[in-house]
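# Coordinates in review
Next come the chains, spelled out residue by residue.
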Amino acid sequence: NSGEQLMEIKKYTTAAQAFEQAKIFTSDPDIYFQAGKCYEISHHYLAAEANYLMAQNIEPTRFQSRYCLMKLYILTGHRTEAFASAKTILNLKPKISSKQVQYYKYAAYKLLHTNGIESTIQTRSYSQQIKLPAISPIPALIIHQPVTTN
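Keep in mind that what you see is a predicted model, and the values were worked out from it rather than measured.

One can find R66 in helix 5 (residues 63–75). Comment: no salt bridge for buried R66; closest opposite-charge side chain is E59, at 10 Å. Separated by 2.9 Å, the side chain of R66 and the backbone oxygen of P60 make a polar contact. If sequence neighbours within four positions are ignored, R66 has contacts with Q56, P60, T88, I89 and L92.

The next point concerns the nonpolar core. In terms of nonpolar packing, the biggest core is built from 41 residues, with F19, C38, Y52, Y67, M70, I89 and L111 touching the most fellow members. Those elements that provide at least two residues to this core are helix 1 (2–8), helix 2 (12–23), helix 3 (29–41), helix 4 (45–58), helix 5, helix 6 (79–91) and helix 7 (99–114). If we skip the residues at most four places from it in the chain, C38 touches M7, Y12, A15, A16 and F19.

Turning to the packing of helix 3 against helix 5, a few remarks are in order. Between helix 3 and helix 5, the least distance of the axes is 11 Å, while the angle of their chain directions is 20 degrees. Judged on the interaxial angle alone, helix 5 and helix 3 are roughly parallel. Where helix 3 crosses over helix 5, the two elements pack in a sense that is left-handed. On helix 5, the residues that touch F33, K37 and E40 of helix 3 are Q64, S65, C68, L72 and L75. Within the contact of helix 3 with helix 5, the residues separate by chemical class into four nonpolar, two polar and two charged.

So, on to the environment of A107. Here A107 shows up in helix 7. For A107, a relative accessible area of 0% gives the class buried. On a C-alpha basis, the gap between A107 and L90 in space is 9.4 Å, while along the polypeptide they are 17 residues apart.

Turning to the packing of helix 3 against helix 4, a few remarks are in order. Taken N-terminus to C-terminus, the directions of helix 3 and helix 4 make an angle of 160 degrees; their axes are 8 Å apart at the nearest point. One finds that helix 3 runs roughly antiparallel with respect to helix 4. Two packed elements cross with a definite hand, and for helix 3 against helix 4 that hand is left-handed. Along its contact with helix 3, which presents P29, Y32, F33, A35, G36, K37, Y39 and E40, the element helix 4 presents Y45, A47, A48, N51, Y52, M54, A55 and I58. Class assignment for the residues of the contact of helix 3 with helix 4 results in 12 nonpolar, two polar and two charged.

Rules and cut-offs
- Residues numbered from 1 in each chain as written.
- Predicted model: local features only at pLDDT ≥ 70, side-chain atom pairs only at ≥ 80, totals over all residues.
- Heavy atoms only, no water.
- Helix = DSSP H or I, 4+ residues; strand = E, 2+ residues; numbered from the N terminus.
- Buried < 20%, exposed > 50% of the residue type's maximum accessible area, 1.4 Å probe, protein only.
- Lys, Arg positive; Asp, Glu negative; His and termini not counted.
- Salt bridge = Lys/Arg side-chain N within 4 Å of Asp/Glu carboxyl O.
- Polar contact = N/O pair within 3.5 Å; in protein donor to acceptor, adjacent residues only side chain to side chain.
- Contact = heavy atoms within 4.5 Å.
- Core = buried A, V, L, I, M, F, W, Y, C linked by side-chain atoms within 4.5 Å.
- Axes fitted to C-alpha atoms, helices over the stretch in contact; angles between N-to-C directions.
- Parallel < 35°, antiparallel > 145°, perpendicular 65-115°, else oblique.
- Left-handed = near helix turned anticlockwise from the far one by under 90°.
- Nonpolar A, V, L, I, M, F, W, Y, C, P; charged D, E, K, R; others polar.

Written out as C-alpha cells, the structure is:
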C-alpha cells in the first residue's frame, strides 16, 4: 500500500490522502486505523477520531483502535471520553489473549486508577493478575488541559 510506504518515510499528510483513496475500494479496518494514525501525527485530531471510531465500528473486538482512541482523548483533554474508552477496553473480552491486549488493558486500568475512577470490573484483583509487557511506555495517564483540535 502506498499509504504505508509514505508513513515509513514520515509523509503523514500524503499518506492520509492515500488511505482516503483506499477507502473508496475497501472497508478494511486497517485502512481506517492507519489513516487515523496519520491524522493524529499530523495534529488533525477530529479526523483521527473519526477514523479510529470507524475502525472500531467495523471490527468492535479489536483493541488497537480503542486504545489509540483512548490515547487521543487523553492527548486532547477529553476526560469523559477517555474514561469511557478505558472502561470499554477493560470490559471487552479478547478473542485471543496476547501481551499486546494485556498492555492495552493495563494502560486502561492505570488511566482509571490514577484518576481515582473505579471500573465495573474488579480492579484490585485485575491489577494483581496483569503483568505489564515490555512493549512501550504507558502514555501520560493524568489528563491535563486539552490540546487545541483542528
